[in-house]
Amino acid sequence: MFKKYNELVEAKRGQVHLGLQLGRRPPYEQVSYPGQTISQTEMASSDLYMKNVSVEEVLAKIRDEVEHEGHGASHVFVILGASGDLAKKKIYPTLWWLFRDGLLPPKTYFIGYARTKLTIEDVQKNCLPYMKVAKEDEAGKLKEFFKLNDYVAGSYDQTQDFVKLNKAIEAKGSSNRLFYMALPPSVFEPVTLNIKAVCMSKGDKWTRIVVEKPFGKDLESSNRLSSHLSALFKEEELYRIDHYLGKEMVQNLMVLRFGNRIFSPIWNRDNIASIVISFKEPFGTQGRGGYFDEFGILRDVMQNHLLQILTLVAMEKPPSTHAEDIRNEKVKVLKSIPPPDLKNVVLGQYIGDPKGSGEAQLGYLDDPTVPKGSVTPTFATVALFVKNERWDGVPFILRCGKALNERKAEVRVQFKDVAGDIFPKGEVKRNELVIRVQPSEAIYMKMMAKTPGMSISCEESELDLTYGSRYRGVNMPDAYERLILDVFMGSQIHFVRSDELFEAWRIFTPLLHYIEEHKPKPIDYVYGSRGPMESDELMIKNDFRYTGSYKWRSNSISPFPTKQI
Ligand SMILES: NC(=O)C1=CN([C@@H]2O[C@H](COP(=O)(O)OP(=O)(O)OC[C@H]3O[C@@H](n4cnc5c(N)ncnc54)[C@H](OP(=O)(O)O)[C@@H]3O)[C@@H](O)[C@H]2O)C=CC1
Ligand SMILES: O=C1O[C@H](COP(=O)(O)O)[C@@H](O)[C@H](O)[C@H]1O
């Protein structure tokens, strides 16, 4: 296990071009240059990097760590809200997968903390259904994992309970500390205050705080939370998770755009007509309408996941792949986006499908946890504009909804019509580059090709990079696995910085306040449909053409019959 973690650290260190900041990277000697200062690309841990320390100091620190290897823990991961839904469905399973695959640093311990009095056996029982344990092969390893777990029951606002938690952490020895806030936002403030007061790591060990969304409800509440957190912690100690940034195809956007010569010259308003970024889910609120109703689809998905994807699609090339360079570019894009005009907004709410079965028969308002007559949107399409030289006039259409016809998240870049078309009218269709985030990751470029054979007409075809066939058997880690590992390693590339958050709320707050004040009735759409027709109309108005003529033939079936010779 130890070996594997080191291999990963080494592999990541090899990717200096990916700008990863490592929490720890033995052995340093191979890459150090005595007398020189650690530079951005010769990174050590982010905290060391921030202090711009010399190589000699880094070496001394590493030697010290190696000397004390035998004693104490290296890391303690604290799950706050350990009795909750996120903890059992995502955080514990993710820690288990990382542990099972030998990707965690050696001597990592886990401590659950929540008000409910639980034993480790209870925690294990709660999480087991989500941990995907291969029964015979992994039973021993699972035992090992839970042996490294502890649980402390305590309140969120009593400092003496956090003193108890601190004692449990200290019992593991001197360690780096990660606190994962799997908690409702209502207790963020007392919990972070108590961590700062009594649970911070000592000496040269670091503390990192992972914060889950929602990061506020609007610009004002988000700013309040940001000021609270920044008064307690340094920005490099804060990891704001947007789990879409951990998805393979979202991470791939940087490589696709900046690692290919073919895209950069056409990635602009001269060539692109519109860009659609979609999120669709085929189920409704599933009895969690009470929670959802407070936020609605704009806060739940659009203001964070879709806007984050937009920034990666629209940003300029950063000077390097260092986290701060990337996040600077993302912020610049956000600063260029004015709040949406109401004429570019369609809001919907699902109603039951009388012909459907089970949950599909129930509309949003039939959920007993949803307040009567709620006008909270469960679907939204919003066209945004990036007012800069590259994108002026190009609509970025963000579209998301619950209880739709399929599960899908994708980016669809639609190019302009061919100028001076010489083919029969209507035959040539627009090119489209589709980046499918989920399910079944794929990138395909819809393009025109001559119809094979004697024909001289053209037809729609594709360049197809379907991951399932191109990368057969490759393990695709879950978004949380990548992101939690990044926290261990001190890489903030895939985390949201406070100024990104500020801009994201600045863009959406006027619309959110309008909805709260004026309560416009969302358009009904039937459970299991594509959403309101008005959304398609808004897309047409914003220069997205859907022809419905494209037919994809799976690449596993050859359309050409093999000739018998
Ligand atoms: N490598 C691969 O795996 C490949 C897979 N394919 C698959 O082939 C299928 C077709 O691909 P695709 O490009 O992308 O085909 P189309 O251009 O035919 O469809 C594009 C999308 O347009 C949307 N749409 C449907 N009706 C309307 C409408 N009236 N107005 C506006 N939009 C509409 C649909 O999405 P929505 O309902 O979300 O609006 C649809 O998915 C897909 O299932 C795709 O995944 C294609 C190529 C390669
Ligand atoms: O953040 C959220 O995301 C999920 C969808 O995540 P996915 O990885 O399954 O696509 C969504 O269901 C939830 O409402 C939202 O809060």
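None of these values were measured; they are calculated from a predicted model.

Let's talk about the site of ligand 1
Around ligand 1, the surrounding shell holds 16 residues, and the nearest of these are R436, K446, D464, T466 and R530. Within the side chain of T466, one N or O atom sits 2.3 Å away from a nitrogen atom of ligand 1. When ligand 1 is considered free in solution it has 880 Å² of accessible area, and contact with the protein chains removes 79% of it. If you list the elements that add at least two residues to the shell around ligand 1, you get β11 (408-415), β13 (442-450) and β14 (458-466).

Here we look at the pattern of salt bridges
Under the definition given, this model contains 34 salt bridges. Linking R497 and E324 is a salt bridge whose minimum nitrogen-to-oxygen distance equals 2.7 Å. Residue R497 is found in the loop between α14 (479-489) and α15 (498-518), and its partner E324 is found in helix α12 (residues 323-335); the two are separated by 173 residues along the sequence. Classification of E324 by relative accessible area gives partly exposed; the value is 21%. Ionic pairing is found between K330 and E500, a salt bridge with its closest N-O pair at 3.1 Å. Remark: E500 occurs in helix α15 and K330 occurs in helix α12; sequence separation between them is 170 residues. Grouping residues by exposure puts K330 and E500 together as buried.

Quick look at the site of ligand 2
Residues in close proximity to ligand 2 include K213, H243, Y244, K247, F279, E281, D300, H305, K402 and Q438, which together make up its full environment. Between ligand 2 and Y244 there is a distance of 2.4 Å, counted from an oxygen atom to a side-chain nitrogen or oxygen. Between ligand 2 and the protein, one listed contact pairs an oxygen atom with a side-chain N or O atom of D300 at 2.6 Å. Relative to its free-state accessible area of 400 Å², ligand 2 is covered by the protein chains to the extent of 73%. Looking at side-chain class alone, the shell around ligand 2 contains two nonpolar, three polar and five charged residues.

Brief notes about the sheet that holds strand β2 (residues 108-114)
Taken together, the six strands give an open sheet; going across it, the order is β3-β2-β1-β4-β5-β6, and neighbouring strands pair in parallel fashion. Unpaired on one side and paired on the other, β3 (149-153) and β6 (238-240) mark the two borders of the sheet. Averaged over all pairs of adjacent strands, the angle between strand axes in this sheet comes to 20 degrees, irrespective of strand direction. Pairing of strand β5 (residues 207-211) with β6 involves three bridges; the strand directions are parallel.

Quick notes on the rules
- Residues numbered from 1 in each chain as written.
- Chains lettered and ligands numbered in written order.
- Predicted model: local features only at pLDDT ≥ 70, side-chain atom pairs only at ≥ 80, totals over all residues.
- Heavy atoms only, no water.
- Near = heavy atom within 4 Å.
- Polar contact = N/O pair within 3.5 Å; in protein donor to acceptor, adjacent residues only side chain to side chain.
- Areas by Shrake-Rupley, 256 points an atom, 1.4 Å probe, with all protein chains shown as cover.
- Helix = DSSP H or I, 4+ residues; strand = E, 2+ residues; numbered from the N terminus.
- Salt bridge = Lys/Arg side-chain N within 4 Å of Asp/Glu carboxyl O.
- Buried < 20%, exposed > 50% of the residue type's maximum accessible area, 1.4 Å probe, protein only.
- Nonpolar A, V, L, I, M, F, W, Y, C, P; charged D, E, K, R; others polar.
- Pairing = 2+ DSSP bridges.
- Axes fitted to C-alpha atoms, helices over the stretch in contact; angles between N-to-C directions.

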